[in-house]
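Given next are the chains, with one letter for each unit.
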Amino acid sequence: HAIHGRNPLIYLHTSEEDRVADGLAPLVERCFPGGSLTTWSCVTGFNPAVPGVDTREPVAALQHMIAEPRRGFYIMKDLAEYMNDPKVVRGLRELYFAFCRKYQSAVVVSSLVTLLPDSLEKAFCYLELDALSSEDLMARVLTVEKQFPGAALPANLRPQVILALRGLTLSEVDHVMYRIFSAG
C-alpha cells in the first residue's frame, strides 16, 4: 500500500535483506518503468556503483540521490543505524520532499531494529515484512531438497515440517533443511 500511495520513504522492519530485494525486483518495471533496483550499505555504497563518487557515507549517498535520482527503488540496508545523526535526518526530509514532487524513485530502509526518529515518523510509511507463507516454505524446502540427490522428505512429514518452520526467515529455513538433509 505504500507504493500505491506514492510514498517515497518506506521503513521495512526485517532482517531479511535478500528477501526485500527479491520482492522488490519484479515491482520495479511496473512501478517505475525503465527503472532499476539500487542497494546501499555503509561498506559498499551504492550497487550498482556511481562512477567517481564515494557513496559509503550516508549523507553523501542521500545528497547524490537528491541531486541525481535513479528511477526505481533504493534499498538502504544500514541507514537506520545512522538515523540519530541530524544530517541524515535532514537529508531524508529533503529527499522526501524532492521525491514527492516527481515520484520516480522510492527508498526502502530495511532494518532489523526500529530506529525511526519522531521527526521522520510522518515522512515514512512503516511496514513489517510478513512471515513466509506455507507455499513459500514448501518451495524453499524443495529447493534445498533438490541439492541432495537420493534424499527426500517423506510426503507424510511435509505438513509437519512446514508447520515447524513457520516464523523462521529464509536463511533459518535453509540452515535447518541443510542440517536435516545432510544428516540423511
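Up top is the structure.
Residues numbered from 1 in each chain as written. Predicted model: local features only at pLDDT ≥ 70, side-chain atom pairs only at ≥ 80, totals over all residues. Heavy atoms only, no water.

Draft legend 1. Broad picture of the overall build of the chain. Helix and strand content of the chain: seven helices and six strands. Listed N to C, the secondary structure of the chain is β-α-α-β-β-α-β-α-β-β-α-α-α in terms of helices and strands. Here the C-alpha coordinates of the chain stretch approximately 55 × 35 × 30 Å along the principal axes. Burial statistics for the chain: of 184 residues in total, 41% are counted as buried. Total accessible area computed for the chain in this model is approximately 10,200 Å², and 53% of it derives from carbon and sulfur atoms. When the 18 positive and 21 negative side-chain charges of the chain are each reduced to one mean point, those points stand 6 Å apart. (Helix = DSSP H or I, 4+ residues; strand = E, 2+ residues; numbered from the N terminus. Buried < 20%, exposed > 50% of the residue type's maximum accessible area, 1.4 Å probe, protein only. Areas by Shrake-Rupley, 256 points an atom, 1.4 Å probe, with all protein chains shown as cover. Lys, Arg positive; Asp, Glu negative; His and termini not counted. Charge placed at Lys NZ, Arg CZ, Asp CG, Glu CD.)

Draft legend 2. Summary view of the nonpolar core. Core analysis: the largest hydrophobic core is formed by 25 residues, its most contacted members being Met65, Met76, Leu92, Val107 and Val109. Elements that contribute at least two residues to this core include exactly β1 (9-13), α3 (58-67), β4 (72-76), α4 (86-101) and β5 (105-111). The biggest single contributor to this core is α4, with seven residues. Leu132, Val161, Ile162 and Phe181 belong to the second-largest nonpolar core, a separate cluster that totals 13 residues. (Core = buried A, V, L, I, M, F, W, Y, C linked by side-chain atoms within 4.5 Å.)

Draft legend 3. Quick peek at the sheet that holds strand β6 (residues 125-128). Across the sheet, which stays open at both edges, the six strands sit in the order β3-β2-β4-β5-β1-β6 with mixed pairing between neighbours. Single-partner strands in this sheet number two, and they are β3 (45-47) and β6. Taking each pair of neighbouring strands and ignoring which way they run, the sheet shows an average axis angle of 25 degrees. The pairing of β1 with β5 spans five bridges and is parallel. By the bridge assignment, Leu9 is partnered in β5 with Val107. (Pairing = 2+ DSSP bridges. Axes fitted to C-alpha atoms, helices over the stretch in contact; angles between N-to-C directions.)

Draft legend 4. Structural context of the side chain of Ser111. Following the sequence through the fold, Ser111 ends up in strand β5. The class of Ser111 is buried, set by a relative accessible area of 5%. Setting aside residues up to four positions removed in sequence, Ser111 forms contacts with Tyr11, Leu12, His13, Thr14 and Ala80. (Contact = heavy atoms within 4.5 Å.)

Draft legend 5. Broad picture of helix α5 (residues 134-145). With twelve residues, α5 extends 16 Å from end C-alpha to end C-alpha; this agrees with the ideal 16 Å at 1.5 Å per step. What α5 keeps buried is the set Leu137, Val141, Val144 and Glu145. The buried residues of α5 occupy an angular sector of 105 degrees when the element is viewed end-on, so they sit on one face. Buried residues along α5 sit against α6 (158-165) and α7 (170-183). (Expected span 1.5 Å × (residues − 1). Arc of directions from axis to C-beta.)

Draft legend 6. Up close: the state of the cysteines. Following the criterion strictly, the structure yields zero disulfides and no others. Unpaired in this structure, Cys31 has its nearest cysteine sulfur neighbour in Cys125, at a distance of 13 Å. Overall, Cys31 belongs to the partly exposed group, its relative accessible area being 21%. Left unpaired, Cys125 is separated from the closest cysteine sulfur, that of Cys100, by 12 Å. Residue Cys125 is classed as buried on the basis of its relative accessible area of 13%. (Disulfide = S-S within 2.5 Å.)

Draft legend 7. Focus on α3. Within α3 the residues assigned to the buried category are Pro58, Ala61, Leu62, His64 and Met65. For α3, the angular spread of the buried residues around the axis is 160 degrees, confining them to a single face. For α3, the exposed residues lying more than 90 degrees away from the buried face are Gln63 and Ala67. The inward-facing, buried residues of α3 contact β2 (36-41), β3, β4, α4 and β5.

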